Amino acid sequence: MSPKSLIAVCGSCIAVAVPASALAAGPLAAPAPLGPHTTVEAKIRAYAHRTAARKTLALARTDARVRHAEVSSAYRDRLGGLSVREMRRERVRLRDHIQATRRAAGKRRAQRRSESSASPQLAAIAACE
């Protein structure tokens, strides 16, 4: 058999085998399980929401750590009610807040260093005055 004929025969076997296997499952075969979701689109939306909530919560934890605080359970509950777009805005707000808090902490550290970098002689003179 020539290679072209062999490919043609194999192609026709595949074309017949796929529908036959679908029919073997039965005409009322259940679709692939989607869990509690009714459509694939709903499953994708739920995944996007979970991912956005996870990323937002991670940033909120970083923000709390920078401020030496804790993320409240009320904040976690509030994330569940936000849309993906609202969570994206919240992440931008959190990033800006983290950056501003770190910048302010750096300025405070630099100010403390400049105050304490005076020599002991100058500190003694300052104490006398």
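The rules behind the values
Residues numbered from 1 in each chain as written. Predicted model: local features only at pLDDT ≥ 70, side-chain atom pairs only at ≥ 80, totals over all residues. Heavy atoms only, no water. Helix = DSSP H or I, 4+ residues; strand = E, 2+ residues; numbered from the N terminus. Buried < 20%, exposed > 50% of the residue type's maximum accessible area, 1.4 Å probe, protein only. Contact = heavy atoms within 4.5 Å. Salt bridge = Lys/Arg side-chain N within 4 Å of Asp/Glu carboxyl O. pLDDT = per-residue confidence, 0-100. Core = buried A, V, L, I, M, F, W, Y, C linked by side-chain atoms within 4.5 Å. Patch = residues over 30% accessible without salt bridge, like charges linked within 9 Å, V, L, I, M, F, W, Y side chains within 5 Å. Areas by Shrake-Rupley, 256 points an atom, 1.4 Å probe, with all protein chains shown as cover. Lys, Arg positive; Asp, Glu negative; His and termini not counted. Charge placed at Lys NZ, Arg CZ, Asp CG, Glu CD. Axes fitted to C-alpha atoms, helices over the stretch in contact; angles between N-to-C directions. Parallel < 35°, antiparallel > 145°, perpendicular 65-115°, else oblique. Left-handed = near helix turned anticlockwise from the far one by under 90°.

1. Some remarks on the overall build of the protein
A count of helical and extended segments in the protein gives 5 helices and 0 strands. For the protein, the N- to C-terminal ordering of α and β elements is α-α-α-α-α. In the protein, which comprises 129 residues, the share counted as buried stands at 17%. For the protein, contacts bridging at least 24 residues in sequence account for 61% of all contacts bridging at least 6.

2. Considering the pattern of salt bridges
Overall, the coordinates contain 4 salt bridges when judged by the stated rule. We note a salt bridge from Glu90 to Arg78, for which the minimum N-O separation is 3.8 Å. Taken as a pair, Glu90 in helix α4 (residues 84-116) and Arg78 in helix α3 (residues 73-81) lie far apart in primary sequence, 12 residues in all. The class of Glu90 is buried, set by a relative accessible area of 9%. Between Arg93 and Glu90 there is a salt bridge, with its nearest N and O atoms 2.8 Å apart. Within this pair, Arg93 and its partner Glu90 are both found in helix α4, separated by 3 residues, close to a single helical turn. Since its relative accessible area comes to 43%, Arg93 is described here as partly exposed. Overlapping salt bridges, with partners in common, bring together Arg78, Glu90 and Arg93 in one network.

3. Description of the confidence of the model for the protein
Of the residues in the protein, 70% have a pLDDT of 70 or more, and the chain-wide mean is 80. Ranking the helices and strands of the protein by mean pLDDT puts helix α2 (residues 40-66) first, with 93, and helix α1 (residues 3-24) last, with 57.

4. Topic: the nonpolar core
By size, the foremost hydrophobic cluster in this structure holds 13 residues, and its most contacted members are Ala60, Val71, Tyr75, Leu79, Met87 and Leu94. At the level of elements, α2, α3 and α4 are the ones that each hand at least two residues to this core. The biggest single contributor to this core is α2, with 6 residues. Other than its neighbours up to four places away in sequence, Tyr75 contacts Thr56, Ala60, Glu90 and Leu94.

5. Thoughts on a positive patch on the surface
Taken together, the side chains of Arg108, Arg109, Arg112 and Arg113 present a region of like positive charge at the surface. Position of Arg108 relative to the elements: it lies in helix α4. For Arg108, a relative accessible area of 47% puts it in the partly exposed group.

6. With respect to the packing of α2 against α3
For the pair α2 and α3, the least separation of the axes is 10 Å and the interaxial angle reads 150°. By the criterion of interaxial angle, the relationship of α2 to α3 is roughly antiparallel. Regarding α2 and α3, the two cross each other, and that crossing is right-handed. Between α2 and α3, the residues in contact are His49, Ala53, Thr56, Leu57 and Ala60 and Tyr75, Arg76, Leu79 and Gly80, respectively.

7. Focus on unusual backbone geometry
Even without being a glycine, His68 presents a positive backbone phi close to 60°. Examined against the element boundaries, His68 turns out to sit in the loop between α2 and α3.

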